[in-house]
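Per-entry structural report
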Amino acid sequence: MNHSLYVLYMSFFCLPILLIGQEGKSKNTTPQRPNIVFIIADDVNWNDIGPYGHKNIRTPNLDQLAKDGMLFTDAFLTTSSCSPSRTSIISGLYPHNTDAEQLAWPLPEDKKTFVQELKNAGYWTGLAGKYHLGESVNDDFDVLWEMQWNDNIGLKGLDRRLVGDGSGCDDWIKLLQERPKDQPFFTWLASADAHRPFYEGIIENPHGPEDVILPPYIPNTDGVKKDFALYYDEVSRMDEYIGKVVAELEAQNVANNTIILFVSDNGRAFPRDKTTLYEGGIKTPWIIKWPAKIKGGQTNTELVSSVDIAPTFMQMAGLEPLQEFDGLSFMPLLENNDIAIRDEIYAEDHFHDYEDYTRAVRTKQFKYIKNYYADLPNTPSADIIRGLGWQSMLEEKEKGTLNEAQLKCFITPRDTDELFDIIKDPNELNNLAGNPEYRSVLEDLKSRLEKIRTATNDVLPTERTPDDFFRETGLPTKYRIRPRPSKAVYMKARAEGEVLVNPDF
């Protein structure tokens, strides 16, 4: 994008927003900063909602949100793991720069967040639902209503049930209703849907096996289809709460100047999706609604990254983004669909239940993945291994019925280099890294990856992290500690020659 044109757009959007009273009812013009509602789903795949073409899953409220706003077709996360994705979003940093890049590592005190900047600038800030950010972030929110676990149900620390209906969304509307009415507000609304474990009977009209649409890297078995149908139910339950949020904003007469951004923290909790850098891991649904500024029914096909959210929210509030942010503001894209702010996105995979270290660069057409620990299998997260679908896959593996794509999670060593033409091969089944016709593409993307790694100081760890779970069963090893100590504690122990273990194991 032309630099002077970018500056022009930034200048336009950073001007104070002038609105005519509330929803145009008053004739007096007064400066009014926009409210911001950030909705983040848990483990929801980008194309498992209606706006992205899924014909069977029921998401009427997200369908309407897309009709009223702008849908992004090429939006990506910096990682495909729960807490690292969230700490990356709130800090505006790539996971390797957060010092919270591994699952359940808390964001350190010295990392700034866009929420704190909004709060310092006069915004009221609140969070309701899943947290997963670390204690240092607590004070960034005026109100923090973290979802609570029912420790009387389920194996302690594993597959527990939440207090309430299990969605994690129970307090969303209460948070909006009890906010102060004399301040602009920011809310972080985080569902637990559609995180495992899945349970039957959570919605009135459940999905059935006949509704399930499977990617080719998942076997078509009764167990898998039942697992997917239960996952669909959680997506639909979350959608119902999103409808309630929109209705509440309208009832409060603030909808016109309230920005709603909906994303997911990573892909669905199924093999070859969550915890991988394939599209099913890092591609995210991304819908933004802002009636005062965005014409509804638009589709944007430009590349955006979740690391861009922090600088964008700050500019929407009329603030200068922090210099340390790794992301770029996507504000120009809201005004002009022909503008591009990125030529590529960068994504990374670290320890999540199991050790891994993988990096990826994705352009509009191609994706390059570098597996640094190619000797390790691409094992999905432990809750997937304990789930119905994976158990069904194991049965098919024993029978010898899985195809090459479905065996990917089991095979070692992995390919060190993977190259995919996303346009021709959207499911990333055909690795072109060894194809001489794509040698120049491969070298270009390898070069891009190394340039980003150098520019952002992304370096390979000196030691590997022991697995928290057994890869065969998904049950804990002695290395699983909850709450998990910080990166600093782990590094100190490592420097002293100690390996941290759970004393109660």
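It should be noted that the structure appears before, not after, this text.
Values in this document were obtained by computation on a predicted structure and should not be read as measured data. Starting from 1, residues in each chain are numbered consecutively following that chain's sequence as written. Per-residue local features are limited, in this predicted model, to residues with pLDDT of at least 70; the limit for side-chain atom pairs, both in listing and counting, is 80 or more; totals at the level of whole chains, interfaces and linings are taken over all residues. With hydrogens and water set aside, each side-chain value is computed from the structure's full complement of heavy atoms.

So, on to a negative patch on the surface. On the surface, a cluster of negative charge is made up of Asp165, Asp170, Glu204 and Glu240. Put simply, DSSP H or I for four residues or longer makes a helix, DSSP E for two residues or longer makes a strand, and each gets a number counted from the N terminus. By the secondary structure assignment, Asp170 is in the loop between strand 8 (161-162) and helix 6 (172-177). Here the term patch refers to residues with relative accessible area over 30% and no salt bridge, with like charges joined within 9 Å and nonpolar side chains (Val, Leu, Ile, Met, Phe, Trp, Tyr) within 5 Å. Computed by Shrake-Rupley with a 1.4 Å probe, the accessible areas treat only the displayed protein chains as cover when residues are assessed. Here, a salt bridge means any side-chain nitrogen of Lys or Arg that lies within 4 Å of a carboxyl oxygen of Asp or Glu. Here the positive residues are Lys and Arg and the negative ones are Asp and Glu; neither His nor the chain ends is included. Taken as the charge centre is NZ of Lys, CZ of Arg, CG of Asp or CD of Glu, depending on the residue.

A few words on the pattern of salt bridges. Within this structure, the stated rule accounts for 35 salt bridges. Between Lys487 and Glu101 there is a salt bridge, and its shortest N-O distance comes to 2.8 Å. With Lys487 in helix 14 (residues 487-495) and Glu101 in the loop between helix 4 (95-98) and helix 5 (114-120), the pair connects residues that are 386 residues apart, well separated along the chain. Between Lys119 and Asp142 there is a salt bridge, with its nearest N and O atoms 3.8 Å apart. Separated by 23 residues along the polypeptide, Lys119 in helix 5 and Asp142 in the loop between strand 5 (124-129) and strand 6 (143-146) bring together distant segments of the chain.

A turn of α-helix holds 3.6 residues, and therefore any two residues three or four places apart point the same way. The buried fraction of helix 3 (residues 82-91) amounts to 10 of the 10 residues, a majority that puts the element mostly inside the structure. At its buried positions, helix 3 is contacted by strand 3 (35-41), helix 4, helix 5, strand 9 (185-190) and helix 9 (309-316). Of the residues one or two after helix 3, Gly92 is the one with positive phi, at around 70°. Only protein chains enter the area calculation, which uses a 1.4 Å probe; residues under 20% of their type maximum are buried, those over 50% are exposed, and those in between are partly exposed. Residues are treated as being in contact if the distance between any of their heavy atoms lies within 4.5 Å.

Counting through the fold element by element, Glu234 comes out in helix 7 (residues 222-251). For the buried residue Glu234, which engages in no salt bridge, the nearest side chain bearing the opposite charge is Arg237, 4.0 Å off. For Glu234, the residues in contact, after removing those within four places along its chain, are Ala192, Asp193, Ala194, His195, Pro197, Phe198, Tyr199 and Ile202.

This part covers the nonpolar core. Core analysis: the biggest nonpolar cluster contains 96 residues, and Phe114, Phe186 and Trp188 have the highest contact counts within it. Here, the term nonpolar core denotes a set of buried Ala, Val, Leu, Ile, Met, Phe, Trp, Tyr and Cys residues that are joined through side-chain atoms within 4.5 Å. Among the nonpolar cores identified, the runner-up in size contains 15 residues, and Tyr94, Phe366, Ala433 and Ile452 belong to it.

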